[in-house]
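Observations on the three-dimensional arrangement
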Amino acid sequence: MSALTVRQVRLRYLTLYGLRWLPTGLTIPVMILLMQERGLTLSQIGLVSTAQGLVVLALELPTGGLADALGSRVVLVTAWAVSLLSLGLFAVADSFALFFLVWALQGVYRALDSGPLDSWYVESTLAADRDADYEPGLGFAGTVAGITIAGGALLAGGLIALGPVGPVSALTVPVLVAAALQAVALVVLLILLVETGPARGAGALRASVVAAPRMVGQAVGLLRRSRVLLALVSVELFWGFGMVTFESLLPIRLADVVGDPERAAAMLGPANSAAWLVSAAGAAATPLLLRWLGAAPAAGLLRILQGVTVLGMGLLAGPAGVLVAYLACYAVHGASNPLHLGLLHRQVDGPYRTSVISLNSMMGQPGFALGAVLLTALADRSGVGTAMVVGAVALAAAAPLYLPAWWAGRRATPATPEGAGPATDPAGTGAEPVGAEPVGPAAGAEPAGAVPPVGAAASAEPHRAAP
């Protein structure tokens, strides 16, 4: 792996990132319709989708610790193989039990997949050049994800328009194509992803299973020792709560404004593809935000701006105003993800990187669940617009949680001549990586990666779309 340059590592990372999200783009437009076609009611669809959230909540941290102990490659190969299995089952499922199993397998996949690829990219980049900036690559990954999901959604629409293929229904064709692409992605993963660490023997699996709880306990111990890291992870609670507005409430809000649910649904198809494209554009702006403001100030400002866009979705009259606010919300969302993830990575060094990213991702699950319960109840009682206003406030309220990272950066970065950047912290955070310090029982560590109704991602990921 040492023979790879920073540019080669980034190219491999972005290639794998695009292949990871392309099957998701193909399945987003057909998930609900296919389950309905197979006989499930809307209430049953809501119930089966909870399987993913429950499994992710249970496995997020243990799988993160397993990745830190065993390595990213093995965990990612397992994750993508599970995804392939779930897509194959999704193509033939015809009962509540089978669809529940599909979503449970997707939960296993999401828990395993959360963090290892990003951690591999960061570690491989630093192995090639210890002073390299990896935040731009994380931003480009958001761009790639947005483009591939939008492209997959458009491809799915074209496949559906072609109609059934023999005994295969039109809605099933995109799922089969997604499964084929997932198989291709798995082969490419085996070729491109090479661990930065030393090769592990056959006994590594058992040792990793034993080590995973300790990795998790020590990752949690990092939160107790770092006010900066605790604040960053806490952002996910507000973020998950507020995401209910633009991932679940928007269709209801648009239907209210338009006055015709079918017309609103027709408008949402192109709007969803456009949202992923503007999200990709937002992610592409990450390097500019880093240069102009620094990571922590930019991330905090974007939290406020996203609250403003959701406020617009809830208060603006007419479908044009609601959709413009929706697209602006996704542009901000795309820019926020890589900044937040980059700040997290700057706080962790050593073998605990994936565990902390998984812990961050897991925090969004209870936030989204709480938002789904409270905001939908508020929408029933007082209207969707009112619920969106509350969600907007929650999103903006997360902005002060980036202050500890900003303050730490100002304290750690020595004064430099005007126009010169910090010598050791290109991201502008300035914080000392927590994992670089000794971590263990002596340091207080304990011994020892929303699910929306259907098809709705942790903030370290572009979206919660699945399967």
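What you see is a predicted model; the values in this text were computed from it and never measured. (Residues numbered from 1 in each chain as written. Predicted model: local features only at pLDDT ≥ 70, side-chain atom pairs only at ≥ 80, totals over all residues. Heavy atoms only, no water.)

A word on the overall build of the protein chain. A count of helical and extended segments in the protein chain gives 17 helices and 0 strands. Across the 467 residues of the protein chain, 57% fall into the buried class. Of the accessible surface of the protein chain, which amounts to about 17,900 Å², a share of 69% is contributed by carbon and sulfur atoms. (Helix = DSSP H or I, 4+ residues; strand = E, 2+ residues; numbered from the N terminus. Buried < 20%, exposed > 50% of the residue type's maximum accessible area, 1.4 Å probe, protein only. Areas by Shrake-Rupley, 256 points an atom, 1.4 Å probe, with all protein chains shown as cover.)

Right, let's talk about helix 4 (residues 72-92) for a bit. Taking 1.5 Å per residue as the helical rise, helix 4 with its 21 residues ought to reach 30 Å, and the 31 Å between its terminal C-alpha atoms agrees with that figure. Every buried residue of helix 4 is listed here: Ser-72, Val-75, Leu-76, Ala-79, Trp-80, Val-82, Ser-83, Ser-86, Leu-87, Leu-89, Phe-90 and Ala-91. (Expected span 1.5 Å × (residues − 1).)

With that settled, the discussion passes to the nonpolar core. Among the nonpolar cores identified, the biggest contains 108 residues, and Tyr-13, Trp-80 and Met-313 are the most heavily contacted of them. The element best represented in this core is helix 10 (residues 227-258), accounting for 14 residues. Tyr-13 has contacts with Leu-117, Asp-118, Trp-120, Tyr-121, Gly-137, Leu-138 and Ala-141, leaving out every residue within four places of it along the chain. With 7 residues, the next largest nonpolar core counts Leu-87, Leu-159, Ala-178 and Ala-179 among its residues. (Core = buried A, V, L, I, M, F, W, Y, C linked by side-chain atoms within 4.5 Å. Contact = heavy atoms within 4.5 Å.)

Two elements in contact, helix 7 (residues 135-161) and helix 14 (residues 319-347), have axes separated by 9 Å at closest approach and are oriented at 145°. The hand of the helix 7/helix 14 crossing is right-handed. Between helix 7, through Glu-135, Leu-138 and Gly-139, and helix 14, the contact on the second element is made entirely by Pro-338, Leu-341, Gly-342, His-345 and Arg-346. For the contact of helix 7 with helix 14, the per-class residue count stands at 3 nonpolar, 3 polar and 2 charged. (Axes fitted to C-alpha atoms, helices over the stretch in contact; angles between N-to-C directions. Left-handed = near helix turned anticlockwise from the far one by under 90°. Nonpolar A, V, L, I, M, F, W, Y, C, P; charged D, E, K, R; others polar.)

Turning next to the pattern of salt bridges. Side-chain pairs of opposite charge can arise whenever the charged atoms involved come near each other. Summed over the entire model, instances satisfying the criterion amount to 1 salt bridge. With its nearest N and O atoms 2.9 Å apart, the salt bridge here joins Arg-20 to Asp-113. With Arg-20 in helix 1 (residues 6-27) and Asp-113 in helix 5 (residues 96-113), the pair connects residues that are 93 residues apart, well separated along the chain. An identical accessibility class is assigned to Arg-20 and Asp-113; each is buried. (Salt bridge = Lys/Arg side-chain N within 4 Å of Asp/Glu carboxyl O.)

Two elements in contact, helix 10 and helix 13 (residues 295-315), have axes separated by 11 Å at closest approach and are oriented at 25°. Classified by the interaxial angle, the pair formed by helix 10 and helix 13 is roughly parallel. In this structure, helix 10 meets helix 13 at a crossing whose hand is left-handed. Residues Val-235, Trp-239, Thr-245, Phe-246, Leu-250 and Arg-253 of helix 10 form the contact with helix 13, whose participating residues are Arg-303, Gln-306, Val-310, Met-313, Gly-314 and Leu-315. Considering only residue class, the contact of helix 10 with helix 13 consists of 7 nonpolar, 3 polar and 2 charged. (Parallel < 35°, antiparallel > 145°, perpendicular 65-115°, else oblique.)

Moving on to a nonpolar patch on the surface. Judged by side-chain polarity, Leu-288, Trp-292, Leu-293, Leu-301 and Leu-305 come together as a nonpolar surface patch covering roughly 490 Å² of accessible area. For the nonpolar patch, the secondary-structure elements that each account for two or more residues are helix 12 (286-292) and helix 13. Secondary-structure assignment places Trp-292 in helix 12. (Patch = residues over 30% accessible without salt bridge, like charges linked within 9 Å, V, L, I, M, F, W, Y side chains within 5 Å.)

This part is about the environment of Leu-378. Mapped onto the fold, Leu-378 is located in helix 15 (residues 353-382). Look at Leu-378 and you get partly exposed, because its relative accessible area is 23%. When the C-alpha atoms of Leu-378 and Val-390 are compared, they prove to be 9.2 Å apart, with 12 residues separating the residues in sequence. Sequence-distant contacts of Leu-378, defined by excluding residues within four places in its chain, comprise Gly-383, Thr-386, Ala-387 and Val-390.

Taking 1.5 Å of rise per residue, the 20 residues of helix 8 (residues 173-192) would be expected to cover 28 Å, and the 29 Å separating its terminal C-alpha atoms lies within 8% of that figure. Listed as buried for helix 8 are Val-173, Pro-174, Val-175, Ala-178, Ala-179, Gln-182, Ala-185, Leu-186, Val-188, Leu-189 and Leu-192.

With the rule as written, the count across this model stands at 6 aromatic pairs. Their ring planes at 55° and their centres at 5.5 Å tell us that Tyr-13 and Tyr-17 sit as a pair that is tilted. Of the two residues, Tyr-13 and Tyr-17 both sit in helix 1, 4 residues apart, roughly one turn of that helix. Seen in terms of ring centroids, Phe-246 and Tyr-330 are 5.6 Å apart; in terms of plane orientation they differ by 80°. Their pairing is edge-to-face. With Phe-246 in helix 10 and Tyr-330 in helix 14, this residue pair connects regions lying 84 residues apart in the sequence. Overall, Phe-246 belongs to the buried group, its relative accessible area being 2%. Tyr-330 sits in the buried class, given a relative accessible area of 2%. Taken together, the aromatic side chains of Tyr-13, Tyr-17 and Tyr-121 make up a single cluster linked through ring pairs. Above the face of the Trp-21 ring, Arg-20 is positioned so that its terminal group lies 3.7 Å from the ring centre. (Phe/Tyr/Trp six-rings, centres within 6.5 Å; stacked < 30°, edge-to-face > 60°. Lys NZ or Arg CZ within 6 Å of the ring centre and 35° of its normal.)

Bringing the confidence of the model for the protein chain into the picture now. Residues of the protein chain with pLDDT of at least 70 account for 75%, and the chain-wide mean is 77. Mean pLDDT across the elements of the protein chain ranges from a minimum in helix 9 (residues 204-225), with 65, to a maximum in helix 8, with 95. The low-confidence segment residues 415-466, where pLDDT is below 50, has 158 contacts with residues more than four positions distant or belonging to other chains. (pLDDT = per-residue confidence, 0-100.)

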